[in-house]
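# An overview of the molecular structure
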Amino acid sequence: MCIRDRERKAKEQKLGLTREQIYALASIVQKESGGKEDEQKTIAGLYLNRYEKGMKLQSDPTVIYAINKEHNFTKQIKRIYNKDLKHPSPYNTYANAGIPPGPICMVNKAAVDNVLNAEKNNYIFMCADPERLGYHKFTDSDIEHAKNAKAYHEWLNKNKIK
């Protein structure tokens, strides 16, 4: 085993997750970030915080995956509604605690590395940032998160995204 592989194995063990869980989490991070690697370590840190606290991960991409899986991946989903959060599937991280049973996409190496090297932060909330499309606002405050979510939903409605 080469040094790089030993380092990655040590990081896996330090996280206390199986390799399968790391790949599943990396797929969520990859989808949540829209593939933008510059936010992935922050997103990974947030999800690890939720996981360690026993919180549901509450990732919109897992809901999209769960719904799309039932439609043979032919449905285009632009917006998640409250009714979608109850969709019955082991992949739906709003309905189920823990890490899903497998990845929700073909995960790339960068996303795996960003989970293994996740940012240490206190964030447990994130919301899409309407001022920086493709990026998020992060916080550990439910009050601040509610404001961020309100601004994002107003942006969705203003832009008639359904």
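Every chain's residues receive numbers from 1 upward, in the order its sequence appears when written. Given that the model is predicted, a residue must reach a pLDDT of at least 70 before its local features are reported, and side-chain atom pairs must reach 80 or more before they are shown or counted; all residues, however, enter totals for whole chains, interfaces and linings. Calculated side-chain values reflect all of the structure's heavy atoms, with hydrogen atoms and water omitted.

### Focus: the overall build of the chain
A count of helices and strands for the chain gives six helices and two strands. Think of it this way: any DSSP run of H or I at least four residues long counts as a helix, any run of E at least two long counts as a strand, and we number them from the N terminus. For the chain, the α and β elements follow one another from N to C terminus as α-α-α-α-α-β-β-α. Atoms counted for the radius of gyration: C-alpha only. Globule rule: 2.2 Å times the number of residues to the power 0.38. Against the globule reference of 15 Å for 162 residues, the chain gives a C-alpha radius of gyration of 16 Å, in line with a compact fold. Each residue is placed in one exposure class: buried if its accessible area under a 1.4 Å probe, protein chains only, is under 20% of its type's maximum, exposed if it is over 50%, and partly exposed if it falls in between. By the burial criterion, 43% of the 162 residues in the chain qualify as buried. Taking the intrachain contacts of the chain between residues at least 6 apart in sequence as the baseline, contacts between residues at least 24 apart amount to 61%. For the chain, the exposed surface amounts to about 9,600 Å²; the carbon and sulfur share of it is 49%. The charged-residue count follows a simple rule in which Lys and Arg add positive charge and Asp and Glu add negative charge, with His and chain termini not counted at all. Just so you know, the charge point we use is NZ for Lys, CZ for Arg, CG for Asp and CD for Glu. Each charge class in the chain was averaged separately, 28 positive and 20 negative side chains, and the resulting centres sit 4 Å apart. Any pair of residues with heavy atoms lying within 4.5 Å of one another is described as a contacting pair. Note on areas: Shrake-Rupley with a 1.4 Å probe; residue coverage comes only from the protein chains shown.

### Quick word on the packing of helix H2 (residues 19–32) against helix H5 (residues 109–116)
For any two helices packed against each other, the geometry comes down to the angle between their axes and how far apart the axes lie. The geometry of H2 relative to H5 is characterised by a closest axis approach of 8 Å and an angle of 110° between their N-to-C directions. Relative to H5, the element H2 lies roughly perpendicular. Judged by residue contacts, Ile-22, Tyr-23, Leu-25, Ala-26, Val-29 and Gln-30 of H2 engage Ala-111, Val-112, Val-115 and Leu-116 from H5. Here the term charged refers only to Asp, Glu, Lys and Arg, the term nonpolar to Ala, Val, Leu, Ile, Met, Phe, Trp, Tyr, Cys and Pro, and the term polar to all other amino acids, Gly among them. Residue classes in the contact of H2 with H5 are distributed as nine nonpolar, one polar and no charged. Note on geometry: axes are lines fitted to C-alpha atoms, helical ones only across the stretch in contact, with angles between N-to-C directions running from 0 to 180 degrees. Small angles under 35 degrees read as roughly parallel and large ones over 145 as roughly antiparallel, with 65 to 115 read as roughly perpendicular and the rest as oblique.

### Notes on the pattern of salt bridges
A carboxyl oxygen of Asp or Glu within 4 Å of a side-chain nitrogen of Lys or Arg is what we treat as a salt bridge. Within the structure shown, the criterion is met by five salt bridges. The shortest N-O distance in the salt bridge between Lys-83 and Asp-84 comes to 3.5 Å. Taking the relative accessible area as the measure of exposure, Asp-84 reaches 11% and is therefore buried. Ionic contacts of the salt-bridge type, sharing partners, join the residues Lys-9, Glu-12 and Arg-19 into one network.

### Here's the deal with the nonpolar core
Nine residue types can take part in a nonpolar core, namely buried Ala, Val, Leu, Ile, Met, Phe, Trp, Tyr and Cys, and a core is a set of them joined through side-chain atoms within 4.5 Å. Judged by nonpolar contacts, the single largest core of 25 residues is most densely connected at Leu-25, Tyr-47 and Val-115. Those elements that place two or more of their residues in this core are H2, helix H3 (40–52), helix H4 (60–70) and H5. Considering every element that reaches this core, the biggest residue donor is H2, with six residues. Among all residues touching Val-115, those that are not within four sequence positions of it are Leu-15, Ile-22, Leu-25, Ala-26, Val-29, Ala-44 and Leu-48.

### A look at unusual backbone geometry
Negative phi characterises most residues that are not glycine, and trans characterises most peptide bonds. The phi torsion at Gln-58 lies on the positive side, around 50°, for a residue other than glycine. Secondary-structure assignment places Gln-58 in the loop between H3 and H4. Of the residues examined, Gln-58 reaches a relative accessible area of 37% and is grouped as partly exposed. We note that Lys-160 has phi near 55°; this positive angle belongs to a residue other than glycine. With respect to the helices and strands, Lys-160 occurs in the segment after helix H6 (142–158). The class of Lys-160 is exposed, set by a relative accessible area of 66%.

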